[in-house]
Amino acid sequence: MSETATKPKLVLAYSGGLDTSVILKWLLEKGFEVIAFCANVGQFEEDFEAVKAKAVSCGALKCIVSDLRKEFVTDYVFEAIKCNAIYESRYLLGTSIARPCIAKEMIRIANEEGASYIAHGATGKGNDQVRFEMCAQALSPTVQCIAPWRDAEFIESFKGRKDLLAYCTKHNIPVDAKPKANYSIDENLFHTSYESGMLEDAMVGPDESMFKMTTSPQAAPEKGETIQIEFHKGIPIKITNKDDGTVKTDPLELFLYCNFIAGKHGIGRIDIVENRFVGIKSRGVYETPGGTLLREAHLDLEGICMDREVKRITETYLASEFARLCYNGFWFAPEMDLIRNSIQFSQRDVEGLVEIELYKGNVTIKGRYSSKSLYNADLASMDIEGGGDAFDYNPADAQGFIRINAVRLKTYAALRAKDAAEQKE
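What counts and how
Residues numbered from 1 in each chain as written. Predicted model: local features only at pLDDT ≥ 70, side-chain atom pairs only at ≥ 80, totals over all residues. Heavy atoms only, no water. Helix = DSSP H or I, 4+ residues; strand = E, 2+ residues; numbered from the N terminus. Buried < 20%, exposed > 50% of the residue type's maximum accessible area, 1.4 Å probe, protein only. Contact = heavy atoms within 4.5 Å. Areas by Shrake-Rupley, 256 points an atom, 1.4 Å probe, with all protein chains shown as cover. Lys, Arg positive; Asp, Glu negative; His and termini not counted. Charge placed at Lys NZ, Arg CZ, Asp CG, Glu CD. Pairing = 2+ DSSP bridges. Axes fitted to C-alpha atoms, helices over the stretch in contact; angles between N-to-C directions. 1 Å grid on protein atoms, 1.4 Å probe; cavity = no way out; pocket = protein on both sides within 12 Å on 5 of 7 lines; lining within 4 Å. Points joined across faces, edges and corners; volume = space filled by probe spheres on them. Nonpolar A, V, L, I, M, F, W, Y, C, P; charged D, E, K, R; others polar. Parallel < 35°, antiparallel > 145°, perpendicular 65-115°, else oblique.

**Let's talk about the overall build of the chain**
For the chain, the helix and strand inventory stands at 14 helices and 14 strands. The principal-axis extent of the C-alpha atoms belonging to the chain is close to 90 × 70 × 45 Å. For the chain, the proportion of its 425 residues judged to be buried stands at 45%. Pairs at least 24 residues apart make up 69% of the contacts formed inside the chain by residues separated by at least 6 positions. For the chain, the accessible area works out to roughly 21600 Å², and carbon and sulfur atoms hold 52% of it. Side chains of the chain carry 51 positive and 62 negative charges; the gap between the two charge centres is 3 Å.

**Brief notes about the pairing of strand β11 (residues 269-275)**
Inspection of the sheet shows β11 paired to strand β12 (residues 281-287) by seven bridges, in the antiparallel sense. In the strand pairing of β12, Ile 272 is matched with Gly 284. The hairpin formed by β11 and β12 contains five residues between the paired strands, and Gly 279 there has a positive phi angle of roughly 100°.

**Comments concerning the sheet that holds strand β7 (residues 192-195)**
Taken in spatial order, the four strands line up as β6-β7-β12-β11 in an open sheet, and their pairing is antiparallel. At either end of the open sheet lies a strand with only one pairing partner, and these are β6 (184-187) and β11. For this sheet, the mean angle separating the axes of adjacent strands, direction not counted, is 25°.

**Overview of empty space enclosed by the protein**
Considering all chains together, one arrives at one cavity of 30 Å³ or more under this definition. By volume, the largest cavity is sized at about 40 Å³. What lines the largest cavity is simply Ala 80, Ile 81, Asn 84, Ala 85, Leu 92, Phe 190, Gly 291 and Arg 295. Taken together, the elements giving at least two residues each to the lining of the largest cavity come down to α4 (69-82) and α10 (289-305). Here the residues of the lining of the largest cavity sort into five nonpolar, two polar and one charged.

**Quick notes on the sheet that holds strand β5 (residues 144-146)**
Strand pairing in a sheet relies on backbone hydrogen bonds, with the paired strands running either antiparallel or parallel. Read from one edge of the open sheet, five strands run β3-β2-β1-β4-β5, paired in parallel fashion. Only two strands of the sheet have a single neighbouring strand rather than two, namely β3 (62-67) and β5. Looking at each pair of strands side by side, their axes are set apart by 25° on average, direction ignored. Of the pairings in the sheet, the one linking strand β1 (residues 9-13) to strand β2 (residues 33-40) comprises five bridges and is parallel in character. Opposite Lys 9, over in β2, you have Glu 33 as the bridge partner. Running over the sheet, helix α2 (residues 18-29) touches β1, β2, β4 (117-119) and β5 and is turned about 170° from β1. Sheet strands touched by helix α3 (residues 48-57): β2 and β3. Its angle to β3, the strand with the most contacts, is close to 155°.

**Structural notes on the packing of α4 against helix α9 (residues 251-264)**
Two numbers describe how α4 lies on α9: the axes approach to 9 Å, and their chain directions differ by 75°. Taken together, the axes of α4 and α9 lie roughly perpendicular to each other. Residues Arg 69, Lys 70, Val 73, Thr 74, Val 77 and Phe 78 of α4 lie in contact with α9, whose contacting residues are Pro 251, Leu 252 and Phe 255. Tallied by class, residues from the contact of α4 with α9 come to six nonpolar, one polar and two charged.

What follows is the structure in structure tokens.
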């Protein structure tokens, strides 16, 4: 058997950047046959042919680039929209939700190529190491993962960017000649995130020049635009620009247009400090224009379509648990299956349209309509006694309703009064 045939196969999550290029060569030195894998999840202006060429020049057996954009939108992004997912009340999970999509494809390639190992370039302090490996092990319990940034020998050899660059020079690994930005970037079609470097100082604001997906609200057009977004079972199915007539119905095109139109009007920027799963607080700057727009529209439509108690359970339990599980890397866990199936049930009547004005960072709801609306104008009207022709509602019934609901409040008040009297004695 040849030497090559005896080498174990490994699939490396490869970006073409400095870290993963060094890791690729290092893995070759460790005796692995490396297949580079790059996921196209909508990175901004990425040259995937150049990435493939660089991987092969570094010694990869081959480089597989998978276009996952449509799957990412339909099977992951829209799942988050359906439950209005948000982590710690602010973060729309842009990085988190891409990881299971990438990990699933990585495992598919590993199985197809007969690779027993996978590797990634995530650091030992971040969330991504957990997300990649938890998803991978859920999908392939026997796969073995190599994380160089947790390997003592690797860390000893590469203490910083200077060591990485010296290694590239030694092994003729091409390095991007452009100056490195003083922050790190992660991007996909759902969002772009910026962290580390200068942003580790929580009082240092982001440079306007860093943003890729959104215009500054101050520089956004002076005239707003009105759009309509239609949903079916909680999923966006159509967007219409009421000003210029643009219509999009294909899921990927629809979402990319949401990014464009919301980004144009400065929508979707946040600057936060969040709690990583590994116990470290992290400062991040995010722009999520299309996701912000769709979440606002979906929230509003639920208001007219969804039963009050279903809404309470969905908001209080399902959405928050979805966000926590997604953020922490448990996308393929059984409890996430339970959550997603419950959310699917909650969305069965969430259909209709929402009309929205976009203006200088603001998403303003102008109206909504649903054929499955639970809202009844006669029942809600202050000008119509009772519930109108369709409902038997007697305002006098509210007296008993209030008295019954006040029983526990009166009981509690009596206990507090008793305590106060005893303290005076």
